[in-house]
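Inside the fold
Spelled out from the first residue to the last, the chains are:
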Amino acid sequence: MKLLEGKIAIITGAAQGNGFGIARVMAEKGAVTIMTDKSDKVMESAAGIIEASGNNKVRGYVMDVTDKAAVGKVVKDVETEYGRIDILVNNAGISLLTEIEKMDEELRDLHFEININGAWNCVKAVLPGMMERKYGRIVTISSVTGPRVCDPENIAYATTKSALLGFSKAIAIDTASYNITSNAILPGYFLTPMVELTAVETDAQNPQRVLDEIVETIPAGRFGHPEEIGYLAAFLASDEAAYITGSEFVIDGGSTLPETISVGR
C-alpha cells in the first residue's frame, strides 16, 4: 500500500511552484489530491499530475484562500464527495520585496491577508470535521525567512512566516487530544516562480546574476526541487508521523548553516 493510500488531501497554492510539487508527490503516494489556487492554471496543473502519476483522483479547484466563503464551499464540496478531509497543506502565499522605509499598510495587509488569514480560513474550515472524526494532519509552509534568517526588504514576508510558525504550534497543542497533528515546514531556496520574482525585483536587468549568487551561498550547491518539499510534507501527513506534532522542519540544502559566506573560502 502506498504511503497516503485512501487519504483525502487539500493543498493550497498548488498551481505551480512548491504547491505543485507537494500535490504531485501526494498523488504519487496514493492520496485523493485536491489542488486549489486562485489561478485557473490549477486545472491544467491537475491534469498534468493525473497524466504523470496515473492517479485519476486529482481535482483542481479555483479558490482564493482569502475568501472565507469560497474556502468553506470547497471544503464542503470535498467532504460531500469523499466523506472527509484527512490532510491540509497550507502553502498559498506571496512575497513582495520593499524597502523598510517604504513599507505601507496596504502592502503589509496584503501579506497578512494571504499568508496568515488564508491559512487561518483553511484551518477553520477543515478543523470541525477533523475534530469530529478525531483524525487530521495539518502541514503549514512557513520559511527559514523570519524564523531563522532574513534578507533585506523582507519585512512583510518575514513577519507573516514567523507568525505561521506560532500558528502551527498553537494548532498542535489545542488539537493533540483529537489525534490531529500540526507541523511546519521551513523551506530555504527552491527554484519557484516566487524566487524568480525576487530575483527580478532585486535586479531587473540581470535576474540570473541574483539566482547564480544565491546558489553560491547554498552548501548543497543547488536550489531545492519542489518535490523535495513534497516528500517531507507527505511523510508528515502520513500515519508514520503520528507522534510528531508542533514541530518545525528546515529544508534548505544547508543554506542557514554558514555563520558567514566568506570565512574559509
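This text goes with the structure placed above it.
These lines cover the structure that appears in this document, whether it is placed above or below.

About the thresholds
- Residues numbered from 1 in each chain as written.
- Predicted model: local features only at pLDDT ≥ 70, side-chain atom pairs only at ≥ 80, totals over all residues.
- Heavy atoms only, no water.
- Helix = DSSP H or I, 4+ residues; strand = E, 2+ residues; numbered from the N terminus.
- Rg over C-alpha atoms; globule rule 2.2 N^0.38 Å.
- Buried < 20%, exposed > 50% of the residue type's maximum accessible area, 1.4 Å probe, protein only.
- 1 Å grid on protein atoms, 1.4 Å probe; cavity = no way out; pocket = protein on both sides within 12 Å on 5 of 7 lines; lining within 4 Å.
- Points joined across faces, edges and corners; volume = space filled by probe spheres on them.
- Nonpolar A, V, L, I, M, F, W, Y, C, P; charged D, E, K, R; others polar.
- Axes fitted to C-alpha atoms, helices over the stretch in contact; angles between N-to-C directions.
- Parallel < 35°, antiparallel > 145°, perpendicular 65-115°, else oblique.
- Left-handed = near helix turned anticlockwise from the far one by under 90°.
- Contact = heavy atoms within 4.5 Å.
- Pairing = 2+ DSSP bridges.
- Arc of directions from axis to C-beta.

**Observations concerning the overall build of the protein chain**
- Scanning the protein chain from N- to C-terminus turns up eight helices and seven strands.
- In terms of overall dimensions, the protein chain is globule-like: its C-alpha atoms have a radius of gyration of 18 Å, near the 18 Å expected for 265 residues.
- Counting only C-alpha atoms and orienting by the principal axes, one finds that the protein chain spans roughly 55 × 40 × 35 Å.
- Burial analysis of the protein chain (265 residues in total) assigns 48% to the buried set.

**Some points on the layout of surface pockets**
- For the second largest pocket, the calculated volume is near 150 Å³.
- Lining the second largest pocket are Trp120, Val123, Lys124, Leu127, Met131, Phe167, Ala170, Ile171, Asp174 and Thr175.
- Those elements that provide at least two residues to the lining of the second largest pocket are helix H4 (105-133) and helix H5 (155-175).
- For the lining of the second largest pocket, a count of residues per class yields seven nonpolar, one polar and two charged.

**Topic: the packing of helix H1 (residues 17-28) against helix H8 (residues 226-236)**
- Running from amino to carboxyl end, H1 crosses H8 at an angle of 55°, the nearest separation of the two axes being 7 Å. On the basis of the axis angle, H1 is oblique to H8. Relative to H8, the crossing made by H1 is right-handed. Residue-level inspection shows Gly17, Asn18, Gly21, Ile22, Arg24, Val25, Met26 and Glu28 of H1 in contact with H8, the latter providing Pro226, Glu227, Ile229, Gly230, Tyr231, Ala233 and Ala234.

**Observations concerning empty space enclosed by the protein**
- Under the definition given, this model contains two cavities of 30 Å³ or more.
- Counted as a void, the largest cavity has a volume near 60 Å³.
- Lining the largest cavity are 14 residues; nearest its centre among them are Asn90, Asn91, Ala92, Asn115 and Ala119.
- Elements that contribute at least two residues to the lining of the largest cavity include exactly H4, strand E5 (136-141) and H5.

**Comments concerning the environment of Glu132**
- As for its position among the elements, Glu132 is in helix H4.
- Residue Glu132 is classed as exposed on the basis of its relative accessible area, which comes to 69%.
- In the structure, Glu132 is positioned 46 residues away from Tyr178 in sequence and 8.2 Å away in space, judged by C-alpha atoms.

**Comments concerning the sheet that holds E5**
- Taken together, seven strands build an open sheet; the order of strands is E3-E2-E1-E4-E5-E6-E7 and the sheet is parallel. A strand with exactly one partner marks an edge of an open sheet, and here the two such strands are strand E3 (58-62) and strand E7 (248-251). With direction set aside, neighbouring strand axes in the sheet form an average angle of 20°.
- With five bridges joining them, strand E2 (residues 32-37) and E3 adopt parallel strand pairing. Paired with Met35 across the two strands is Gly60, which belongs to E3.
- Contacting strand E1 (8-11), E2 and E3, helix H3 (residues 68-82) crosses the sheet at an angle of about 155° to E3.
- In the packing of H5 onto the sheet, contacts are made with E5, strand E6 (180-187) and E7, and the angle to E6 comes to roughly 160°.

**Observations concerning helix H7 (residues 207-216)**
- All buried positions along H7 are accounted for by Val210, Leu211 and Ile214. Buried residues of H7, seen end-on, are gathered within an arc of 95° and therefore sit on one face of the element.
- In this structure, the buried side of H7 is in contact with helix H6 (193-202).

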